[in-house]
Amino acid sequence: MDFPICPTWFLGFDAIFELAFAIVAFTIALFAYKVYRYSGVKQGRLFAASFTFLGIAYVLQSLFNMLTWRNAHEQLCSALRISSVAIFQDIMIYSFFLFLILGLVTLFYVTMKTKRQRLYWLLVALSFATIILSPHPLVASYLVALIFYLWIFLHFVQNYSRKHKRGSLLVMFAFGLFVLSATQFLFGKTGGILYVLAHIFQLGGYVLLLVNFYVMKK
Amino acid sequence: MKRNRLDIIHDILIVLKERGNNMKPTHILYKSNLSHKMLKLYLGELMEKELVREEAIKDGKKRYSLTPKGFDFLREFSAMKGFIESYGLEE
(Lines give C-alpha, C1' and ligand atoms only; values in the text may rest on other atoms or scores of the structure.)
Protein backbone atom coordinates (compact mmCIF):
# COMPACT_ATOMS: atom_id res chain seq x y z
CA MET A 1 0.00 0.00 0.00
CA ASP A 2 1.14 3.58 -0.69
CA PHE A 3 1.75 5.84 2.28
CA PRO A 4 0.78 9.47 2.70
CA ILE A 5 3.73 11.77 2.04
CA CYS A 6 4.84 13.74 5.08
CA PRO A 7 7.27 16.65 4.68
CA THR A 8 10.57 15.90 6.46
CA TRP A 9 10.27 18.93 8.74
CA PHE A 10 6.87 17.66 9.98
CA LEU A 11 8.12 14.13 10.79
CA GLY A 12 7.60 13.42 14.46
CA PHE A 13 5.10 16.25 14.87
CA ASP A 14 2.51 14.15 13.05
CA ALA A 15 3.06 11.31 15.54
CA ILE A 16 2.66 13.71 18.48
CA PHE A 17 -0.53 15.16 16.96
CA GLU A 18 -1.98 11.65 16.48
CA LEU A 19 -1.14 10.70 20.05
CA ALA A 20 -3.03 13.81 21.20
CA PHE A 21 -6.04 12.79 19.03
CA ALA A 22 -5.93 9.34 20.63
CA ILE A 23 -5.93 10.80 24.16
CA VAL A 24 -8.96 13.01 23.39
CA ALA A 25 -10.77 10.10 21.68
CA PHE A 26 -10.18 7.79 24.67
CA THR A 27 -11.31 10.52 27.10
CA ILE A 28 -14.58 10.96 25.19
CA ALA A 29 -15.04 7.17 24.96
CA LEU A 30 -14.55 6.80 28.72
CA PHE A 31 -17.09 9.50 29.53
CA ALA A 32 -19.60 8.10 27.01
CA TYR A 33 -19.28 4.72 28.72
CA LYS A 34 -19.86 6.38 32.09
CA VAL A 35 -23.02 8.01 30.69
CA TYR A 36 -24.16 4.58 29.49
CA ARG A 37 -23.42 2.93 32.86
CA TYR A 38 -25.29 5.58 34.82
CA SER A 39 -28.19 6.40 32.54
CA GLY A 40 -28.66 3.20 30.54
CA VAL A 41 -28.73 5.30 27.32
CA LYS A 42 -27.74 2.56 24.88
CA GLN A 43 -26.36 5.00 22.32
CA GLY A 44 -23.69 5.84 24.90
CA ARG A 45 -22.22 2.33 24.73
CA LEU A 46 -21.91 2.37 20.93
CA PHE A 47 -20.62 5.92 21.02
CA ALA A 48 -17.93 4.82 23.50
CA ALA A 49 -17.03 1.91 21.19
CA SER A 50 -16.72 4.22 18.17
CA PHE A 51 -14.33 6.61 19.93
CA THR A 52 -12.35 3.66 21.33
CA PHE A 53 -11.86 2.38 17.76
CA LEU A 54 -10.80 5.87 16.63
CA GLY A 55 -8.38 6.10 19.57
CA ILE A 56 -6.80 2.74 18.70
CA ALA A 57 -6.49 3.86 15.05
CA TYR A 58 -4.61 7.01 16.11
CA VAL A 59 -2.29 5.05 18.41
CA LEU A 60 -1.38 2.76 15.49
CA GLN A 61 -0.92 5.71 13.13
CA SER A 62 1.22 7.50 15.69
CA LEU A 63 3.35 4.40 16.22
CA PHE A 64 3.83 4.02 12.46
CA ASN A 65 4.86 7.66 12.05
CA MET A 66 7.09 7.51 15.12
CA LEU A 67 8.94 4.54 13.57
CA THR A 68 9.24 6.44 10.27
CA TRP A 69 10.59 9.50 12.09
CA ARG A 70 13.16 7.46 14.01
CA ASN A 71 13.96 5.33 10.94
CA ALA A 72 13.20 2.33 13.10
CA HIS A 73 10.95 0.17 10.90
CA GLU A 74 13.80 -2.21 10.01
CA GLN A 75 15.10 -2.39 13.57
CA LEU A 76 11.67 -3.28 14.91
CA CYS A 77 11.14 -5.87 12.17
CA SER A 78 14.44 -7.59 12.99
CA ALA A 79 13.62 -7.47 16.71
CA LEU A 80 10.22 -9.05 15.99
CA ARG A 81 11.85 -11.44 13.45
CA ILE A 82 9.63 -10.20 10.62
CA SER A 83 11.37 -10.82 7.30
CA SER A 84 9.72 -8.11 5.20
CA VAL A 85 9.57 -4.48 6.28
CA ALA A 86 7.02 -3.76 3.51
CA ILE A 87 4.63 -6.42 4.86
CA PHE A 88 5.03 -5.05 8.39
CA GLN A 89 4.25 -1.52 7.16
CA ASP A 90 1.23 -2.78 5.20
CA ILE A 91 -0.11 -4.56 8.29
CA MET A 92 0.25 -1.36 10.33
CA ILE A 93 -1.43 0.84 7.70
CA TYR A 94 -4.26 -1.66 7.12
CA SER A 95 -4.77 -2.00 10.90
CA PHE A 96 -5.00 1.80 11.17
CA PHE A 97 -7.68 1.92 8.47
CA LEU A 98 -9.49 -1.09 9.97
CA PHE A 99 -9.95 0.75 13.28
CA LEU A 100 -10.59 4.15 11.66
CA ILE A 101 -13.35 2.79 9.42
CA LEU A 102 -14.81 0.69 12.27
CA GLY A 103 -14.90 3.82 14.42
CA LEU A 104 -16.59 5.88 11.72
CA VAL A 105 -19.10 3.16 10.77
CA THR A 106 -20.03 2.77 14.46
CA LEU A 107 -20.39 6.53 14.90
CA PHE A 108 -22.50 6.75 11.74
CA TYR A 109 -24.65 3.86 13.01
CA VAL A 110 -25.18 5.72 16.32
CA THR A 111 -26.35 8.83 14.45
CA MET A 112 -28.81 6.71 12.44
CA LYS A 113 -30.59 5.78 15.72
CA THR A 114 -31.54 2.40 14.34
CA LYS A 115 -31.55 -1.00 16.01
CA ARG A 116 -31.02 -2.96 12.81
CA GLN A 117 -27.70 -4.72 13.41
CA ARG A 118 -27.68 -6.10 9.87
CA LEU A 119 -27.34 -2.54 8.57
CA TYR A 120 -24.21 -2.08 10.70
CA TRP A 121 -22.57 -5.23 9.36
CA LEU A 122 -23.56 -4.35 5.80
CA LEU A 123 -21.81 -0.98 6.15
CA VAL A 124 -18.72 -2.66 7.61
CA ALA A 125 -18.63 -5.24 4.79
CA LEU A 126 -19.18 -2.66 2.03
CA SER A 127 -16.51 -0.33 3.41
CA PHE A 128 -13.86 -3.03 3.69
CA ALA A 129 -14.74 -4.59 0.33
CA THR A 130 -14.32 -1.16 -1.30
CA ILE A 131 -10.89 -0.70 0.28
CA ILE A 132 -9.55 -4.21 -0.28
CA LEU A 133 -10.74 -4.53 -3.89
CA SER A 134 -9.61 -1.04 -4.92
CA PRO A 135 -6.41 -0.75 -7.00
CA HIS A 136 -5.59 2.28 -4.79
CA PRO A 137 -6.41 1.16 -1.23
CA LEU A 138 -5.04 4.34 0.37
CA VAL A 139 -7.22 6.66 -1.71
CA ALA A 140 -10.22 4.30 -1.29
CA SER A 141 -9.74 4.29 2.50
CA TYR A 142 -9.66 8.08 2.70
CA LEU A 143 -12.65 8.33 0.37
CA VAL A 144 -14.71 5.94 2.52
CA ALA A 145 -13.64 7.87 5.63
CA LEU A 146 -14.60 11.17 3.96
CA ILE A 147 -18.08 9.89 3.06
CA PHE A 148 -18.70 8.77 6.66
CA TYR A 149 -17.33 12.05 8.07
CA LEU A 150 -19.69 13.96 5.74
CA TRP A 151 -22.76 12.02 6.85
CA ILE A 152 -21.83 12.27 10.52
CA PHE A 153 -21.26 16.02 10.06
CA LEU A 154 -24.76 16.37 8.56
CA HIS A 155 -26.19 14.66 11.65
CA PHE A 156 -24.44 17.21 13.86
CA VAL A 157 -25.68 20.08 11.66
CA GLN A 158 -29.25 18.80 12.18
CA ASN A 159 -28.58 18.32 15.87
CA TYR A 160 -27.42 21.93 16.20
CA SER A 161 -30.33 23.31 14.15
CA ARG A 162 -32.72 21.54 16.56
CA LYS A 163 -31.07 22.64 19.81
CA HIS A 164 -29.04 25.80 19.20
CA LYS A 165 -26.80 24.96 22.16
CA ARG A 166 -23.13 25.87 22.53
CA GLY A 167 -22.10 22.21 22.93
CA SER A 168 -23.82 21.06 19.76
CA LEU A 169 -22.28 24.03 17.89
CA LEU A 170 -18.76 23.05 19.00
CA VAL A 171 -19.32 19.41 18.00
CA MET A 172 -20.71 20.52 14.61
CA PHE A 173 -17.65 22.70 13.92
CA ALA A 174 -15.32 19.91 15.10
CA PHE A 175 -16.80 17.46 12.62
CA GLY A 176 -16.73 20.16 9.92
CA LEU A 177 -12.98 20.34 10.48
CA PHE A 178 -12.74 16.53 10.32
CA VAL A 179 -14.48 16.65 6.92
CA LEU A 180 -11.94 19.24 5.72
CA SER A 181 -9.14 17.11 7.14
CA ALA A 182 -10.38 13.98 5.36
CA THR A 183 -10.59 15.95 2.10
CA GLN A 184 -7.00 17.08 2.50
CA PHE A 185 -5.84 13.55 3.27
CA LEU A 186 -7.49 12.39 0.06
CA PHE A 187 -5.22 14.65 -2.00
CA GLY A 188 -2.37 14.62 0.48
CA LYS A 189 -0.45 12.05 -1.47
CA THR A 190 0.27 14.66 -4.14
CA GLY A 191 1.67 17.31 -1.85
CA GLY A 192 3.23 17.28 1.60
CA ILE A 193 1.71 20.58 2.75
CA LEU A 194 -1.80 19.09 2.43
CA TYR A 195 -0.74 16.32 4.81
CA VAL A 196 0.26 19.00 7.33
CA LEU A 197 -2.99 20.94 6.78
CA ALA A 198 -5.00 17.75 7.32
CA HIS A 199 -3.29 17.27 10.68
CA ILE A 200 -3.90 20.91 11.64
CA PHE A 201 -7.61 20.69 10.76
CA GLN A 202 -7.90 17.45 12.71
CA LEU A 203 -6.11 19.03 15.67
CA GLY A 204 -8.58 21.93 15.50
CA GLY A 205 -11.47 19.45 15.56
CA TYR A 206 -10.15 17.57 18.57
CA VAL A 207 -9.38 20.82 20.41
CA LEU A 208 -13.05 21.82 19.91
CA LEU A 209 -14.23 18.43 21.24
CA LEU A 210 -11.93 18.88 24.22
CA VAL A 211 -13.19 22.43 24.85
CA ASN A 212 -16.78 21.11 24.74
CA PHE A 213 -15.83 18.37 27.21
CA TYR A 214 -14.16 20.88 29.55
CA VAL A 215 -17.16 23.26 29.43
CA MET A 216 -19.54 20.37 30.22
CA LYS A 217 -17.48 19.18 33.17
CA LYS A 218 -17.03 22.71 34.62
CA MET B 1 -42.10 18.62 28.00
CA LYS B 2 -41.60 14.85 28.11
CA ARG B 3 -38.83 13.73 30.46
CA ASN B 4 -36.20 11.32 29.16
CA ARG B 5 -34.66 8.44 31.15
CA LEU B 6 -31.76 10.54 32.42
CA ASP B 7 -34.14 13.28 33.61
CA ILE B 8 -36.34 10.75 35.47
CA ILE B 9 -33.31 9.18 37.18
CA HIS B 10 -32.11 12.65 38.11
CA ASP B 11 -35.53 13.62 39.50
CA ILE B 12 -35.67 10.52 41.74
CA LEU B 13 -32.15 11.07 43.05
CA ILE B 14 -32.62 14.80 43.64
CA VAL B 15 -35.83 14.11 45.58
CA LEU B 16 -33.91 11.67 47.79
CA LYS B 17 -31.07 14.14 48.32
CA GLU B 18 -33.26 17.14 49.09
CA ARG B 19 -35.54 15.24 51.46
CA GLY B 20 -32.88 14.13 53.90
CA ASN B 21 -31.73 11.11 51.90
CA ASN B 22 -34.08 8.70 53.63
CA MET B 23 -37.52 8.32 52.10
CA LYS B 24 -40.47 5.99 51.88
CA PRO B 25 -41.40 4.84 48.36
CA THR B 26 -44.78 6.60 48.54
CA HIS B 27 -43.08 9.93 49.17
CA ILE B 28 -40.68 9.38 46.26
CA LEU B 29 -43.67 8.45 44.12
CA TYR B 30 -45.45 11.68 44.97
CA LYS B 31 -42.43 13.96 44.58
CA SER B 32 -41.02 12.41 41.40
CA ASN B 33 -44.37 12.37 39.62
CA LEU B 34 -44.20 8.75 38.45
CA SER B 35 -46.69 5.88 38.41
CA HIS B 36 -46.20 3.07 40.94
CA LYS B 37 -45.18 0.65 38.22
CA MET B 38 -42.61 3.03 36.71
CA LEU B 39 -41.17 3.94 40.10
CA LYS B 40 -40.71 0.25 40.96
CA LEU B 41 -38.89 -0.29 37.67
CA TYR B 42 -36.65 2.73 38.13
CA LEU B 43 -35.85 1.97 41.79
CA GLY B 44 -34.92 -1.59 40.81
CA GLU B 45 -32.60 -0.27 38.13
CA LEU B 46 -31.08 2.35 40.43
CA MET B 47 -30.36 -0.29 43.06
CA GLU B 48 -28.82 -2.53 40.41
CA LYS B 49 -26.58 0.36 39.38
CA GLU B 50 -25.78 0.95 43.08
CA LEU B 51 -27.02 4.55 42.95
CA VAL B 52 -29.70 3.91 45.59
CA ARG B 53 -29.85 1.58 48.56
CA GLU B 54 -32.93 -0.01 50.10
CA GLU B 55 -33.32 -0.51 53.83
CA ALA B 56 -36.02 -2.64 55.42
CA ILE B 57 -37.54 -1.08 58.52
CA LYS B 58 -40.20 -2.49 60.85
CA ASP B 59 -43.38 -4.16 59.48
CA GLY B 60 -41.69 -4.96 56.17
CA LYS B 61 -41.70 -1.28 55.17
CA LYS B 62 -38.85 0.06 53.08
CA ARG B 63 -36.87 3.28 52.94
CA TYR B 64 -34.53 4.45 50.22
CA SER B 65 -31.36 6.51 50.33
CA LEU B 66 -28.58 7.62 48.01
CA THR B 67 -25.26 5.76 47.89
CA PRO B 68 -21.93 7.61 47.38
CA LYS B 69 -22.26 6.62 43.71
CA GLY B 70 -25.69 8.28 43.66
CA PHE B 71 -24.19 11.52 44.97
CA ASP B 72 -21.48 11.21 42.30
CA PHE B 73 -24.21 10.87 39.64
CA LEU B 74 -25.85 14.09 40.79
CA ARG B 75 -22.52 15.93 40.62
CA GLU B 76 -21.94 14.62 37.07
CA PHE B 77 -25.56 14.99 35.89
CA SER B 78 -25.27 18.31 34.05
CA ALA B 79 -22.08 17.13 32.31
CA MET B 80 -23.83 13.91 31.21
CA LYS B 81 -26.89 15.79 30.03
CA GLY B 82 -24.68 18.23 28.13
CA PHE B 83 -22.78 15.33 26.59
CA ILE B 84 -25.96 13.59 25.39
CA GLU B 85 -27.35 16.85 24.01
CA SER B 86 -24.20 17.99 22.24
CA TYR B 87 -23.78 14.66 20.42
CA GLY B 88 -27.51 14.11 19.88
CA LEU B 89 -27.52 10.78 21.71
CA GLU B 90 -31.09 11.02 23.01
CA GLU B 91 -33.13 7.85 22.50
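Residues numbered from 1 in each chain as written. Chains lettered and ligands numbered in written order. Predicted model: local features only at pLDDT ≥ 70, side-chain atom pairs only at ≥ 80, totals over all residues. Heavy atoms only, no water.

### Concerning the environment of Val 179 of chain A
All names here are of chain A. For Val 179, the location among the structural elements is in helix α7 (residues 166-187). On the accessibility criterion, Val 179 (12% relative accessible area) is buried. On a C-alpha basis, the gap between Val 179 and Leu 104 in space is 12 Å, while along the polypeptide they are 75 residues apart. Apart from residues lying up to four places away in sequence, Val 179 is in contact with Leu 146, Tyr 149, Leu 150 and Phe 153. (Helix = DSSP H or I, 4+ residues; strand = E, 2+ residues; numbered from the N terminus. Buried < 20%, exposed > 50% of the residue type's maximum accessible area, 1.4 Å probe, protein only. Contact = heavy atoms within 4.5 Å.)

### Points about the side chain of Thr 67 of chain B
All names here are of chain B. Inspection of the secondary structure puts Thr 67 in the loop between β2 (62-66) and α4 (68-87). In this structure Thr 67 comes out as buried when scored by relative accessible area, which is 10%. Among the polar contacts listed, one links the side chain of Thr 67 to the backbone oxygen of Glu 50, at a separation of 2.6 Å. (Polar contact = N/O pair within 3.5 Å; in protein donor to acceptor, adjacent residues only side chain to side chain.)

### Considering the interface of chain B and chain A
Listed by partner, the interface residues are 22 residues for chain B and 28 residues for chain A. In total, about 2,200 Å² of surface goes out of reach between chain B and chain A, with carbon and sulfur atoms giving 60% of it. Three residues stand out in chain B for area buried against chain A, namely Phe 83, Tyr 87 and Leu 89 of chain B, and they jointly supply 31% of the buried area on that side. Where chain B touches chain A, the interface holds 4 salt bridges. Measuring nitrogen to oxygen at the nearest pair gives 3.1 Å for the salt bridge that ties Glu 85 of chain B to Lys 165 of chain A. One can count 13 residue pairs in polar contact (both at pLDDT 80 or more) joining chain B with chain A. (Buried area = accessible area lost by both parts, 1.4 Å probe. Salt bridge = Lys/Arg side-chain N within 4 Å of Asp/Glu carboxyl O.)

### Some thoughts on the packing of aromatic side chains
For the structure shown, the criterion picks out 28 aromatic pairs over all chains. With centroids separated by 5.8 Å and ring planes inclined at 45 degrees, the aromatic side chains of Tyr 33 of chain A and Tyr 36 of chain A adopt a geometry described as tilted. Placement of both Tyr 33 of chain A and Tyr 36 of chain A in helix α1 (residues 13-39) is noted, with a separation of 3 residues, approximately one turn of the helix. For Tyr 33 of chain A, a relative accessible area of 39% gives the class partly exposed. Centroid distance Phe 83 of chain B to Tyr 87 of chain B: 4.9 Å. Interplanar angle 50 degrees. Geometry classified as tilted. In this pair, Phe 83 of chain B and Tyr 87 of chain B both sit in helix α4, 4 residues apart, roughly one turn of the helix. As far as the burial class goes, Phe 83 of chain B and Tyr 87 of chain B line up, both buried. (Phe/Tyr/Trp six-rings, centres within 6.5 Å; stacked < 30°, edge-to-face > 60°.)

### Some words on the pairing of β2 of chain B
Residues and elements named next belong to chain B. Inspection of the sheet shows strand β1 (residues 52-56) paired to β2 by 5 bridges, in the antiparallel sense. What sits directly across from Arg 53, in β2, is Ser 65. Hairpin geometry of β1 and β2 is characterised by an intervening segment of 5 residues between the two adjacent antiparallel strands and by a positive phi of about 60 degrees at Asp 59. (Pairing = 2+ DSSP bridges.)

### Let's talk about the packing of helix α6 (residues 137-163) of chain A against α7 of chain A
Residue and element names in this part refer to chain A. Contact pair α6 / α7: the axes reach a minimum separation of 8 Å and the direction vectors enclose 160 degrees. By the criterion of interaxial angle, the relationship of α6 to α7 is roughly antiparallel. Note that α6 runs across α7; the crossing there is left-handed. Of the residues in the contact of α6 with α7, the class split is 20 nonpolar, 4 polar and 1 charged. (Axes fitted to C-alpha atoms, helices over the stretch in contact; angles between N-to-C directions. Parallel < 35°, antiparallel > 145°, perpendicular 65-115°, else oblique. Left-handed = near helix turned anticlockwise from the far one by under 90°. Nonpolar A, V, L, I, M, F, W, Y, C, P; charged D, E, K, R; others polar.)

### Digging into the layout of surface pockets
Residue and element names in this part refer to chain A. Quantified by volume, the largest pocket comes out at close to 470 Å³. Along the walls of the largest pocket sit 15 residues, with Lys 42, Leu 46, Tyr 109, Thr 114 and Lys 115 positioned nearest its centre. Counting only elements with at least two residues in the lining of the largest pocket, the list comes to α2 (42-69), α4 (85-112) and α5 (117-133). (1 Å grid on protein atoms, 1.4 Å probe; cavity = no way out; pocket = protein on both sides within 12 Å on 5 of 7 lines; lining within 4 Å. Points joined across faces, edges and corners; volume = space filled by probe spheres on them.)

### Considerations on unusual backbone geometry
Positive phi, close to 50 degrees, is recorded for Lys 113 of chain A, a residue that is not glycine. Within the element layout of this structure, Lys 113 of chain A appears in the loop between α4 and α5. Not every positive phi belongs to a glycine, and Glu 50 of chain B is a case in point at roughly 60 degrees. For Glu 50 of chain B, the location among the structural elements is in the loop between α3 (36-48) and β1.

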